[in-house]
Amino acid sequence: MLNIVVCVKVVIDPEAPASTFKIDPEGRRAIPGQGVPPVLNPYDENSLEAALRIKEKQSGKITVISAGKSIPKAVVKKCLAVGADELIVIEDGIFEDVDSYTTAHLLAAAIRKLGAFDIILAGRMASDTNAGQVGPGMAELLGIPCVTIAQKIEVNDGRVRIERAMADGHEVVEVSLPCLVTVSHELGELRQATVKGLMAAQKQPFTTWKVSDLSTGITAGRRNKALRLFIPERKVECEIVAGETPEEAGANLATKLRQNKRI
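Here goes a summary of the coordinates provided. Predicted model, so just to flag it, every value in this text is computed and none were measured.

What counts as what
Residues numbered from 1 in each chain as written. Predicted model: local features only at pLDDT ≥ 70, side-chain atom pairs only at ≥ 80, totals over all residues. Heavy atoms only, no water. Pairing = 2+ DSSP bridges. Helix = DSSP H or I, 4+ residues; strand = E, 2+ residues; numbered from the N terminus. Core = buried A, V, L, I, M, F, W, Y, C linked by side-chain atoms within 4.5 Å. Buried < 20%, exposed > 50% of the residue type's maximum accessible area, 1.4 Å probe, protein only. Contact = heavy atoms within 4.5 Å. Phe/Tyr/Trp six-rings, centres within 6.5 Å; stacked < 30°, edge-to-face > 60°. Lys NZ or Arg CZ within 6 Å of the ring centre and 35° of its normal. Axes fitted to C-alpha atoms, helices over the stretch in contact; angles between N-to-C directions. Parallel < 35°, antiparallel > 145°, perpendicular 65-115°, else oblique. Left-handed = near helix turned anticlockwise from the far one by under 90°. Nonpolar A, V, L, I, M, F, W, Y, C, P; charged D, E, K, R; others polar.

## Re the pairing of strand β10 (residues 159–166)
Right, so step 1: Where strand β9 (residues 146–156) lies against β10, six bridges are found, and the strand directions are antiparallel. Residue Ile 153 lies in a different strand from β10, and its bridge partner there is Ile 162.
Right, so step 2: In textbook terms, the turn of a hairpin is the stretch between consecutive antiparallel strands, and for β9 and β10 this stretch comprises two residues, one of which, Asp 157, has a positive phi near 50°.
Right, so step 3: Inspection of the sheet shows β10 paired to strand β11 (residues 169–176) by eight bridges, in the antiparallel sense.

Listed below in structure tokens is the structure:
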């Protein structure tokens, strides 16, 4: 039986308009507005879908781990509703201000505490940071191979065949178990939970840990410092190029483009 671990993060909905949240310039963090519920990181949903597909083809157990300061249980229980077998929530105040380095250490420690594992799946990056560092960092700390940006994963006879999404196609990589794979959106969206699954998830117990329950060997905090966090300003300028006739307007437009060195 394969032991599959999936790491998921709760984030501000990346589809929410910028006008629905504010930036705390002192704390350098985003503050969601009212009516913008948190969601699972979309790339982590892709990794959970990958785990479910592996489980469908082979006997396996899926354990989901999520860490944060205060995790909304209704959001992470979605993992149980779609077919995960176990949910572990690591809640602690230190997650108020941690970086990728510390997060990788804490998640790696949680996986060690969990025990035996065959494959760890995570999103290629979190939608709130776009860093893509935690997955490879965990693999380094656990001493296992890491393959990133997977669009297809197949497990057979102790080996994993992975198609990596590339700008000009894809490449195929094979590694031995155990390993860690970060998953991209090309793999496909997470399936919808059934009504039966949703009802069962509400009743299913889950495990809660504190950072003090983990053997991390590091001091919580940041090794890097964000200098500035802001919403980019979008400036749109529009100029109407007129002419007495369509031909004249076209000629005027061409002249304007040449002046601006666009053509």
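Structure shown, so let's carry the discussion forward.
## Comments concerning the nonpolar core
The tendency in soluble globular proteins is for nonpolar side chains to be buried side by side.
Right, so step 1: Judged by nonpolar contacts, the single largest core of 37 residues is most densely connected at Leu 121 and Ile 153.
Right, so step 2: Broken down by element, the residue count for this core peaks at six residues, all from helix α2 (residues 73–82).
Right, so step 3: Residues in contact with Ile 153, not counting those within four places in the same chain, are Ala 50, Ile 54, Ile 119, Leu 121, Val 160, Arg 161, Val 181, Val 183 and Leu 187.
Right, so step 4: Formed by 25 residues, the second largest nonpolar core is a distinct cluster that contains Val 5, Ile 88, Ala 139 and Trp 209.

## Side note on the packing of aromatic side chains
Right, so step 1: One pass over the structure, following the stated rule, counts zero aromatic pairs.
Right, so step 2: Cation over ring: Lys 113 sits above Trp 209, and NZ or CZ is 5.1 Å from the ring centre.

## Structural notes on the packing of α2 against helix α5 (residues 195–203)
Right, so step 1: α5 packs onto α2 with a crossing angle of 120° between their chain directions and a minimal axis gap of 8 Å. Viewed along their axes, α2 and α5 adopt a mutual orientation that is oblique. Of the two elements, α2 crosses α5, and the hand of that crossing is right-handed. Residues Lys 77, Leu 80 and Ala 81 of α2 pack against Gly 197, Leu 198, Ala 201 and Gln 202 of α5.
Right, so step 2: Per-class residue counts for the contact of α2 with α5 are four nonpolar, two polar and one charged.

## Let's talk about unusual backbone geometry
Right, so step 1: Residue Pro 178 is reached from Leu 177 by a cis peptide bond, and omega for that bond is -5°.
Right, so step 2: Take Pro 178: it is sitting in the loop between β11 and β12 (179–183).
Right, so step 3: Its identity is not glycine, yet Asp 157 carries a phi of approximately 50°, on the positive side.
Right, so step 4: Take Asp 157: it is sitting in the loop between β9 and β10.
Right, so step 5: Despite not being glycine, Lys 261 has its phi angle at roughly 60°, a positive value.

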